[in-house]
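What the coordinates show
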Amino acid sequence: MEHIIETNNLSIAFGGHVAVDSLSVKIPKNKFTSVIGPNGAGKTTFFNLLSGQLRPTNGEIFYKGENITKKSSTERTRMGIGRSFQITNVFPNLTVLENVRLAVQSNEKIRYQMMFHFKKYKKFEEKAMELLELVLLETKADSVAINLAHGEKRKLEIAMLLALETDLLLLDEPTAGMSLEEVPAILEVIKKIKEKGDRTIVLIEHKMDMILDLSDQVMVLFNGQLLAQDSPSEIMENKTVQSAYLGGLHDENSA
Amino acid sequence: MRQLGKVQISTWVYLLFGCLLAVVPFVYDNLSMLFLIIQIFIFGIFAMSYDLLLGYTGIVSFGHAMFFGVGAYGVSIVLERNEPTLFFLILGILVALGAAAIISFIAGVLTLRLKSHFYAMLTLALAGLFLVAAEKMRSLTGGSDGLIFTIPDFFKDRTNMYLLALISLVVIFFSLRRLTNSPLGRVLVAIRENEQRTMSLGYKIFPYKVIISVISGVVAAFGGVLYALSIRFIDTTVFAVDVTLDALLMTIIGGVGTLIGPIIGAGLIEYAHHFLSELSDVHWIFERWIILFGIVYILVVIFFPMGIAGSIKNMYMKRKHKKEAKVQQKDNQIAS
Ligand SMILES: Nc1ncnc2c1ncn2[C@@H]1O[C@H](COP(=O)(O)OP(=O)(O)OP(=O)(O)O)[C@@H](O)[C@H]1O
Ligand SMILES: [Mg+2]
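In this numbering scheme, every chain counts its residues from 1 along its sequence in written order. A letter from A marks each chain and a number from 1 marks each ligand, given out in the order of writing. Whole-chain, interface and lining totals are the exception, using all residues; otherwise, since this is a predicted model, local features are given only for residues with pLDDT of at least 70 and side-chain atom pairs are given and counted only at 80 or more. The side-chain quantities take in all heavy atoms of the structure and omit both hydrogens and water.

1. Looking at the nonpolar core
All names here are of chain A. Here is the rule: Nonpolar core, defined: a set of buried Ala, Val, Leu, Ile, Met, Phe, Trp, Tyr and Cys residues in which side-chain atoms within 4.5 Å join the residues together. Burial classes: relative accessible area under 20% of the type maximum marks a residue as buried, over 50% as exposed, and values in between as partly exposed (1.4 Å probe, protein chains only). Contact between two residues is taken to exist if any of their heavy atoms lie within 4.5 Å; hydrogens are not considered.
Ranked by internal contacts, the top residues of the largest apolar core, which has 142 residues, are Val100 and Leu156. Residues contacting Val100, with those up to four places away along its chain left out, are Ala128, Leu131, Leu132, Leu156, Ala159, Met160 and Ala163. In terms of nonpolar packing, the next biggest core, distinct from the first, is built from 25 residues, Val35, Ile68, Ile204 and Met219 among them.

2. Re the pattern of salt bridges
Basically, it comes down to this: Definition used for salt bridges: Asp or Glu carboxyl oxygen within 4 Å of a side-chain nitrogen of Lys or Arg. Only DSSP runs of H or I reaching four residues or more are called helices, and only runs of E reaching two or more are called strands; each is numbered from the N terminus.
As enumerated under the stated definition, the model contains 15 salt bridges over all chains in all. For Glu157 of chain A, the salt bridge identified is with Arg197 of chain B, shortest N-O distance 2.9 Å. One end of the pair, Glu157 of chain A, is in helix H5 (residues 150-163); the other, Arg197 of chain B, is in helix H10 (residues 195-200), on a second chain. Between Asp153 of chain B and Lys156 of chain B there is a salt bridge; the shortest N-O distance is 3.3 Å. You can see Asp153 of chain B and its partner Lys156 of chain B sitting in helix H7 (residues 153-156), three residues apart, about one turn around the helix. The exposed category is assigned to Asp153 of chain B, whose relative accessible area is 60%. Through salt bridges with shared partners, a single network forms among Glu98 and Arg101 of chain A together with Arg186 of chain B.

3. A look at unusual backbone geometry
Residue and element names in this part refer to chain A. The phi dihedral of Ser22 falls on the positive side, at around 45 degrees, and the residue is not glycine. The topology assignment puts Ser22 in strand E2 (residues 17-23). For Ser22, a relative accessible area of 38% corresponds to the partly exposed category. A positive phi angle is found at Lys109, which is not glycine, with a value near 60 degrees. Along the chain, Lys109 turns up in the loop between helix H3 (96-107) and helix H4 (122-134).

4. Quick word on a nonpolar patch on the surface
Short version of the rule: To count toward a patch, a residue needs a relative accessible area over 30% and no salt bridge; like charges are then connected within 9 Å, while nonpolar side chains (Val, Leu, Ile, Met, Phe, Trp, Tyr) are connected within 5 Å. Computed with a 1.4 Å probe, the accessible areas rest on the Shrake-Rupley method; for each residue, only the protein chains presented here act as cover.
A contiguous nonpolar patch, built from Ile291, Ile295, Ile298, Leu299, Ile302, Phe303 and Phe304 of chain B and spanning about 710 Å² of accessible area, is present on the exposed surface. Take Ile295 of chain B: it is sitting in helix H14 (residues 289-303).

5. A closer look at the site of ligand 1
Residues and elements named next belong to chain A. Note the cut-off: Whether a residue is near a molecule or strand depends on its heavy atoms: it is near if one of them lies within 4 Å of it. Lys, Arg, Asp and Glu make up the charged group, whereas Ala, Val, Leu, Ile, Met, Phe, Trp, Tyr, Cys and Pro make up the nonpolar group; the residues left over, Gly among them, are polar.
Of all residues adjacent to ligand 1, which total 14 residues, the nearest are Asn39, Lys43, Thr44, Thr45 and His206. Those elements giving two or more residues to the shell around ligand 1 turn out to be E2 and helix H1 (43-51). Taken together, the residues that form the shell around ligand 1 break down as four nonpolar, eight polar and two charged.

6. A closer look at the coordination of the magnesium ion (ligand 2)
Put simply, the rule reads: Because water is not among the atoms used, a metal site may look incomplete, as its donors are only the N, O and S atoms within 2.8 Å, or 3.2 Å for Na, K and Ca.
Coordination sphere of the magnesium ion (ligand 2), protein contribution only: Thr44 of chain A (OG1) and Gln86 of chain A (OE1), at 1.9 to 2.1 Å. Residue Thr44 of chain A is located in helix H1, and its partner Gln86 of chain A is located in the loop between strand E7 (81-83) and H3; the two are separated by 42 residues in the primary sequence.

7. Description of the pairing of strand E4 (residues 32-36) of chain A
Residues and elements named next belong to chain A. To be explicit about the condition: Think of it this way: DSSP has to see at least two bridges between two strands before they count as a pair.
With five of five residues buried, E4 lies mostly within the body of the structure. Relative to strand E9 (residues 200-204), E4 runs parallel, the two sharing four bridges. Note on E9: the bridge partner recorded for Ser34 is Leu203. The sheet contact formed by E4 and strand E10 (residues 217-222) spans four bridges and is parallel. Across the sheet, the residue bridging to Val35 is Met219, located in E10.

8. A word on the sheet that holds E10 of chain A
Residues and elements named next belong to chain A. Quick reminder of the rule: Axis angles are defined between N-to-C directions and span 0 to 180 degrees, where every axis is a line fitted to C-alpha atoms and, for a helix, only to the segment in contact.
Pairing within the open sheet is mixed, and its six strands lie in the order E7-E8-E9-E4-E10-E11. Two strands lie at the open edges of the sheet, namely E7 and strand E11 (225-230), each paired on one side alone. Averaged over all adjacent pairs, the angle separating strand axes in this sheet is 20 degrees, with direction ignored. One ladder, built from five bridges, connects E10 with E11; its direction is antiparallel. Its bridge partner lying in E11, Leu221 is registered against Leu226. Each of E7 and strand E8 (168-172) touches H5; the most contacted strand, E8, lies at about 170 degrees to it.

9. Thoughts on the packing of aromatic side chains
This is how it is decided: Planes of paired rings set the category: under 30 degrees apart is stacked, over 60 is edge-to-face and the rest tilted, where pairs are Phe, Tyr or Trp rings (Trp by its six-membered ring) whose centres lie within 6.5 Å. Whether a charge sits over a ring depends on NZ of Lys or CZ of Arg being within 6 Å of the ring centre and within 35 degrees of the ring normal.
Overall, the coordinates contain 17 aromatic pairs over all chains when judged by the stated rule. Between Phe43 of chain B and Tyr227 of chain B, the ring centres sit 6.1 Å apart and the planes meet at 80 degrees, which makes this aromatic pair edge-to-face. Of this pair, Phe43 of chain B sits in helix H2 (residues 31-57) while Tyr227 of chain B sits in helix H11 (residues 205-231); the two residues are 184 residues apart in sequence, bridging distant segments of the chain. No difference in accessibility class separates Phe43 of chain B from Tyr227 of chain B, as the two residues are buried. Each ring, one from Phe173 of chain B and one from Phe174 of chain B, has its centre 5.3 Å from the other, and the planes form 75 degrees; the classification is edge-to-face. With a relative accessible area of 5%, Phe173 of chain B lands in the buried category. Pairwise contacts between aromatic rings join Phe43, Phe46, Phe68 and Tyr227 of chain B into one cluster. Sitting over the ring of Phe85 of chain A, Arg83 of chain A keeps its end group 4.2 Å from the ring centre. Over the ring of Phe206 of chain B we find Arg113 of chain B; its NZ or CZ atom is 4.0 Å from the centre of that ring.

10. Regarding empty space enclosed by the protein
All names here are of chain B. Short version of the rule: Lining residues are defined by having an atom within 4 Å of a point belonging to a cavity or pocket. Those points lie on a 1 Å grid over the protein atoms alone, cavities being sets where a 1.4 Å probe fits but cannot get out and pockets being open sets with protein on both sides within 12 Å along at least five of seven lines. Grid points are joined across faces, edges and corners, and a volume is the space filled by probe spheres set on the points.
Taken as a whole, this structure holds three cavities of 30 Å³ or more when the rule is applied. Estimates place the volume of the largest cavity at around 50 Å³. Lining the largest cavity are Ile59, Val60, Thr111, Leu112, Leu114, Lys115, Ser116, Tyr119 and Lys209. Tallied by class, residues from the lining of the largest cavity come to five nonpolar, two polar and two charged.

Structure representation (structure tokens):
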């Protein structure tokens, strides 16, 4: 199987605390991988290492066969690694539409144009608007991002990520904080991307019953280490995983 | 955005204001008043250049006076050493702007990769260095005595000088408005809002900061050029910290992150300078205008953090939103 991104002995320590510990994983291309694990397991930190927000203290990362360990987050985005943030990370005083439009503009590589009005690039705004419709945020297009409710900010994050059209999508708890009625629509968006089959999705989620049927494989992180990596059904059967993390949840589901 | 033809309404309003101002010297020829308005135009240009850094990109500079001074000295030295012809005037302007471009480029490349206070500190130190250099290099700058020079006759006429400053202000205003509304300008604002996120969208932020630092430095230097031409005398005070503080005050009082704000701020501060120095006979406190401005500054930051232009813009937006909300309510009622 072809792998889009691999890590080799990847570690990072904050002070004395090892948040990600000698992680060697391979993410299969164009598949859907879920990452689960209890709070503080190091899931977000793992994403931060993959997307370049953090530098590892040890180990390497290979993307499409190339060693990207020393590349900046800007370069990684341009290579095709896109992510959404668990703690919302948008442009607070800009409108929702402008937040997404900036992502579209970057994807269209219009970076240093200073002679024309930005409205000249009408298709950027149209594209941004389409994305907002996709994540059910079109009515908020003119609101300032800081005024959005938490769930709405999550949707904005997703729209900005989708605008980048990256080969690899790293989604950090995309539905956290959304109202229950909104979750299915967002899952539908993710499902559609998966069904197209030309992009790789890695998704962090606590509510694992929600993503189990979407996942081709599941990675379990525990104390910064890889506890298991397997198909969803195997993970559910896995004794170590059950005792370390899933025990209660699994019982609940089967009950 | 409301439009008339293909041009925004605000553009017509600004142009109308520009035309009205152009008539002023022909109907009202109080020389000292004209001089004051010229200073407002010049500091409007200077404050706009400051706001490109502070308000649009979020870069703090403590030594912006350096570019103003380099512009002023550049043109002055060339004119003082040569015949006051149009050729040497243009040469002087080019020297001034070129020097500012080089200095701002170097200062930017050295510090804009680092945490933001490095740029603030380096510009502060450089401005101090230029002040000392201007005092010491007497043969070139005349030291603390300053330089007196002549300019082409055409600009000795107050009205012509006034029109030069006004046209410069208008042209620079519209150019910077286009710049800040360009795709590049939008990225600058994104950098101000959230550097990390701008990077993770795939933008390299360092080149943007250097570009805007150079543009800002060159525009500031042009302000300095006009300043020197309008006074025909120059001394080391153009490098003083006060000059930077003025730009900061004008920008904050007028409204950060707008272009019209710094111009309004320049009008207020320059007028206040003028007014207060007349009052200095009444009480010494008025000579210490910086104390008064300090108080005004604190009050503005507390009560109008967005400045005059920002507050007006906000009020307008709120009203627009209320209207929209009402329309939506009606729609909902009809729907239900
Ligand atoms: N920048 C940082 N500095 C210091 N410690 C950090 C930093 N980022 C994360 N940590 C620590 O690393 C550990 C792993 O955190 P991380 O956010 O990756 O967990 P997580 O699996 O995403 O948890 P959650 O499910 O709550 O989101 C935690 O103990 C956290 O306190
Ligand atoms: Mg997390």
